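What follows is each chain in one-letter form.
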Protein chains: 2
Amino acid sequence: MTTVIANDRTYRVPERPVVVFTVDGGDPRYFRDALQRGIMPRLALMLEAGGEFGVGASEVPSLTNPNNISIVTGVPPALHGIPGNYMRAPDGELVLLNDPKYLRAPSIHACFEKAGVPTLMITAKDKLRQLLGNGGVPSVSVECAAGAGLPAYGIESVEKLVGEPAPHVYDTFSSHYGMRLGLAVLRAVPQIRLLYVSLTDRVQHEYAPGESEADRFFTEFDRLVGEYLDAGCTVAITADHGMNAKHDSETGQPRVRFLADVLAAAGIPVQDVVLPITDPYPRHHGALGSFAWLYLEPEHRAPAREILAAVPGIEEIWDAETAATLYELPVDRVGDLAVTAAADTALGASATDHDLTQLQRRLRSHGGRHEQPVPLIVSQQIAGPLAARYRAGILRNRDIHDLVLNHTATS
Amino acid sequence: MTTVIANDRTYRVPERPVVVFTVDGGDPRYFRDALQRGIMPRLALMLEAGGEFGVGASEVPSLTNPNNISIVTGVPPALHGIPGNYMRAPDGELVLLNDPKYLRAPSIHACFEKAGVPTLMITAKDKLRQLLGNGGVPSVSVECAAGAGLPAYGIESVEKLVGEPAPHVYDTFSSHYGMRLGLAVLRAVPQIRLLYVSLTDRVQHEYAPGESEADRFFTEFDRLVGEYLDAGCTVAITADHGMNAKHDSETGQPRVRFLADVLAAAGIPVQDVVLPITDPYPRHHGALGSFAWLYLEPEHRAPAREILAAVPGIEEIWDAETAATLYELPVDRVGDLAVTAAADTALGASATDHDLTQLQRRLRSHGGRHEQPVPLIVSQQIAGPLAARYRAGILRNRDIHDLVLNHTATS
């Protein structure tokens, strides 16, 4: 049996293609609700036929970039280097974490490629593609599919391969286009052994489980999962993070604590409020999530903690070193204080910094501990050493490749 | 090289004795403070000579039994079965978790013994000895040292071996007696290869870093660590949990939220408030820690969450399944809601249930996330695959045996 080592874990090279789907914002409640109401028949059949539905935990901050990189590297942000979508670099510069230069660990896929095993990365958003494609992994995003090819596999136009132009990244079906693209490439290049498809959470940001647009999303997702199964793939499904309503259920107004405003009112000067959910897609969340980093002079940290601890909806407040330990983050890329919010509350910088009119619907978002539970679904029965942890619900989304490559009944 | 597998980790059998000390309530701040003020000269020398000082995280609830068992098994409570010092069993019975029948994983020491490698377990409190001695591991507690021997090693009286009768478990120096006992046995039985010494946190419950009684404790601890080093041992030091003041700094009154009283005032009936810190040593903490399990009828859980979320000093509230996932606990041994408190706050059942007059001094306690940071100190340089995680501060106290047996420069 051929194996490949990536970041100190050994992975078996599968005999048939393995695909891992990361449903952005794919809170376990979407899957439970859809299964209960019978709108995911292929998933239901897969589970009846020996597949497994489990839950696990994402990284905190529960955001897209750190979790996607954890999933494809198998290690926490402390080791792979990406603590958010956005950060304040040690030199004070505010940067989107889209550039591979920030990565400190190779992906499993890059290690497979190095060992001569063909792989593929597909993302809805292009911001992720640059990170996921690092190390010579053939990759394509729906957002930039127009005109894109996959030269490694002799594919000149991915749109031509799918037979349809790619939708806009804000389209309900842009995620499904990515799934169809993966299928089309897999059919053209059957020697691909490991495929990663990362969706977008635009639907989850706008619609709760059971809302009709969410149903449309998951019904089509289910149909496409069925196509992968029919094509002979082993399938695994996880999420980068969950999703919670963060608005007043009566008025529909976003429930936001603006940290700079709270501290200014208490006379505490703040250098920076860094919201690591920030990305190039403001319509999703208006940069409002449940996690914030504060940068303050040392003498202002203790008073700031005291003021913030008394604010309703603010939960955890940690200094940099403790945050790095508890959240497994790179200590050189975090702020002076970590602040997390309750399930129903988001954190902002100053009220004047956030254009809430960009939000299309009531605020639903993520970033804190309450969006940490994620699904860990596998089309095969789980066996071997990870089985007890899997059934106890204590694996992480970063374990999904280990789980599906090494610990299924057929692996 | 001989190796032994315990709970899916492989451990090297060391050529010279390895001792792991668990300083009960040994918050990293005690060590930092003592090192800064120069009152732990042997530890300082050890670090200068290539030893390492790191921090990591304990299990939550941050309590003695779950963490000691995690440390000696290398796995979380979800796998070893001990989620607290105390629990409500599935049949409704309230039980102290001192009986080996609750254990679901063997200790590393039991696996060493089975492989013919001599080991020893020493505890201050006898409540732990029964758990730690499980699987045929020679064990003795300071609390029950009078009249005790170690028949496995042909020792009839441990007190005679030490040359002095054991102090009362509430004595400041009972922990040190355990350390002396370990040294005495090691001198008599030099073939012992793995020794675990678990102290008591009575001093830490009463005295903050820098208070004179804490200084007496750590000065003598340091002197005895020096004796182990001089005896040729490799030394590792961790803690089961940290410790925080949970009283009003002006009045000295304990800052406690009584959960049954809060919910009764809101008209929400509670079946049980289970405080998993509860143990046979009420003078330490009066059963007041920063973690509680609530048992309620399903229809009362959402209203209870809402009421409790608004109480100052209450931080996290999780349903059973999410708590099991996030804290890595056995889901069949947890309550319907998990509640954690802020660093400065303790949780009680009802004011009438707690006899606060038993507290000898101002309340200092643990149990929540704020007591999760623990020291991970090793007398050798850390090398090998765990080194990056160690330096990033993201290991757990349950990794200490892996660290000291497999990842030091000389292991």
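First, a word on scope: everything that follows refers to the structure included in this document. (Residues numbered from 1 in each chain as written. Chains lettered and ligands numbered in written order. Predicted model: local features only at pLDDT ≥ 70, side-chain atom pairs only at ≥ 80, totals over all residues. Heavy atoms only, no water.)

1. What to know about the packing of helix 8 (residues 174-188) of chain A against helix 10 (residues 212-230) of chain A
All names here are of chain A. Running from N to C, helix 8 and helix 10 cross one another at 10°; their axes reach a closest spacing of 10 Å. In terms of orientation, helix 8 and helix 10 fall into the roughly parallel class. Here Ser-175, His-176, Gly-178, Met-179, Arg-180, Gly-182, Leu-183, Leu-186 and Arg-187 of helix 8 come into contact with helix 10, specifically with Phe-217, Glu-220, Phe-221, Leu-224, Val-225, Glu-227 and Tyr-228. In terms of residue class, the contact of helix 8 with helix 10 is made up of eight nonpolar, four polar and four charged. (Axes fitted to C-alpha atoms, helices over the stretch in contact; angles between N-to-C directions. Helix = DSSP H or I, 4+ residues; strand = E, 2+ residues; numbered from the N terminus. Parallel < 35°, antiparallel > 145°, perpendicular 65-115°, else oblique. Contact = heavy atoms within 4.5 Å. Nonpolar A, V, L, I, M, F, W, Y, C, P; charged D, E, K, R; others polar.)

2. A short note on the relation of the copies chain A and chain B
Rotating chain A by 180° and moving it 0.0 Å along the rotation axis overlays it on chain B with an RMSD of 0.0 Å. In short, the pair behaves as if placed about a two-fold rotation axis. Distance from the rotation axis, computed per C-alpha, reaches its smallest value in chain A at Glu-315 of chain A: 2.7 Å. Most of the interface of chain A is mirrored in chain B, where 100% of its interface residues are also at the interface. (Least-squares fit on C-alpha atoms with pLDDT ≥ 70 in both.)

3. As for the packing of aromatic side chains
For the structure on display, the rule yields 18 aromatic pairs over all chains. For the pair Phe-217 of chain A and Phe-218 of chain A, a centre-to-centre distance of 5.0 Å together with 75° between the ring planes defines the contact as edge-to-face. Look at Phe-21 of chain B and Phe-221 of chain B: their rings are 5.8 Å apart centre to centre, the planes differ by 75°, and that puts the pair in the edge-to-face class. Here Phe-21 of chain B is found in strand 3 (residues 18-22), whereas its partner Phe-221 of chain B is found in helix 10 (residues 212-230), with 200 residues between them in sequence. With respect to class, Phe-21 of chain B is no different from Phe-221 of chain B; both count as buried. (Phe/Tyr/Trp six-rings, centres within 6.5 Å; stacked < 30°, edge-to-face > 60°. Buried < 20%, exposed > 50% of the residue type's maximum accessible area, 1.4 Å probe, protein only.)

4. What to know about the sheet that holds strand 8 (residues 139-141) of chain A
Residues and elements named next belong to chain A. Ordered by their spatial adjacency, seven strands build an open sheet running 4-19-10-3-9-7-8, and the pairing between neighbours is mixed. The open sheet is flanked by strand 4 (52-57) and strand 8, the only strands paired with a single partner. When strand polarity is set aside, the average angle formed by the axes of neighbouring strands in this sheet is 15°. Here five bridges tie strand 3 (residues 18-22) to strand 10 (residues 234-238), and the two strands are oriented parallel to one another. Counterpart to Val-20 in the pairing with strand 10 is Ala-236. (Pairing = 2+ DSSP bridges.)

5. A look at the interface of chain A and chain B
Facing 30 residues of chain A, the contacting portion of chain B comprises 30 residues. For the pairing of chain A and chain B, the buried interface totals around 2,300 Å² over both sides, and the portion due to carbon and sulfur atoms is 61%. Where chain A meets chain B, there are two salt bridges. Notably, a salt bridge pairs Glu-321 of chain B with Arg-32 of chain A, separated by 3.0 Å at the nearest N-O pair. Here chain A and chain B share four residue pairs in polar contact (both at pLDDT 80 or more) between them. Mapped by element, the contributors of at least two residues to the side of chain A that touches chain B are strand 4, helix 4 (77-80), strand 15 (314-319), helix 14 (320-327) and helix 15 (387-391) of chain A. The class makeup of the residues in the side of chain A that touches chain B is 16 nonpolar, six polar and eight charged. (Buried area = accessible area lost by both parts, 1.4 Å probe. Salt bridge = Lys/Arg side-chain N within 4 Å of Asp/Glu carboxyl O. Polar contact = N/O pair within 3.5 Å; in protein donor to acceptor, adjacent residues only side chain to side chain.)

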